[in-house]
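Letter by letter, the chains look like this.
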Amino acid sequence: MEEITEAVNNMNISDLHKKNRIQVSNTKKPLFFYVNLAKRYMQQHNEVELSALGMAIATVVTIAEILKNNGLAVEKKIMTSTVDMKDESRGRPIQKAKIEIVLGKTANFDELMAAAAEEREAGYADEQS
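Source: prediction; values computed, not measured. (Residues numbered from 1 in each chain as written. Predicted model: local features only at pLDDT ≥ 70, side-chain atom pairs only at ≥ 80, totals over all residues. Heavy atoms only, no water.)

Novice: Just checking my understanding: could you explain the side chain of Thr106 for this structure?
Specialist: Here Thr106 lies in the loop between strand S4 (93–105) and helix H5 (109–128). Here Thr106 falls in the buried class, since its relative accessible area comes to 15%. Here the side chain of Thr106 touches Gly71 through a polar contact of 2.7 Å, landing on its backbone oxygen. When neighbours within four sequence positions are excluded, Thr106 is seen to be in contact with Gly71, Leu72, Ala73 and Val74. (Helix = DSSP H or I, 4+ residues; strand = E, 2+ residues; numbered from the N terminus. Buried < 20%, exposed > 50% of the residue type's maximum accessible area, 1.4 Å probe, protein only. Polar contact = N/O pair within 3.5 Å; in protein donor to acceptor, adjacent residues only side chain to side chain. Contact = heavy atoms within 4.5 Å.)

The following block contains the structure:
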């Protein structure tokens, strides 16, 4: 937990005010929570920035690939860096890998989202009858 707090403190003030940023953890929420959240952010802001540290990097890449393979997103930018942190157990400074992936809506994003919503509604109607 200390690592996350320190990482947040090390961020630029402008980074903290990004309304379309999702900081992904591979322990807190299931994968499709982040996939669905990213879809919602793209609907609201036309793009989403996925960010992760260390072991959660694989989760961010998976989320981005799911969105791209479903025709919902295109890559706009990928940035990698290292972040200085303090090791919780030993108290010494360590470096963690960081990735940020910016995804934008595809041209047919709204169509695909509308089609998925119709499918859900049709499935719900079938369950009710």
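From this point, the narrative continues.
Novice: Sorry if this is basic, but what is going on with unusual backbone geometry here?
Specialist: Leave glycine aside and you will find that most residues have negative phi; peptide bonds, for their part, are mostly trans. With a phi close to 70°, Asn46 is a non-glycine residue in the positive phi region. Inspection of the secondary structure puts Asn46 in the loop between helix H3 (31–45) and strand S2 (47–53).

Novice: Please explain H3 as it appears in this structure.
Specialist: Side chains that are three or four residues apart share a direction in an α-helix, a result of its 3.6 residues per turn. Over its 15 residues, H3 extends 21 Å from the first C-alpha to the last, a length consistent with the 21 Å expected when each residue adds 1.5 Å. Restricting attention to buried positions, one finds in H3 the residues Tyr34, Val35, Leu37, Ala38, Lys39, Tyr41 and Met42. Residue Asn46 follows H3 closely and has a positive phi angle near 70°. (Expected span 1.5 Å × (residues − 1).)

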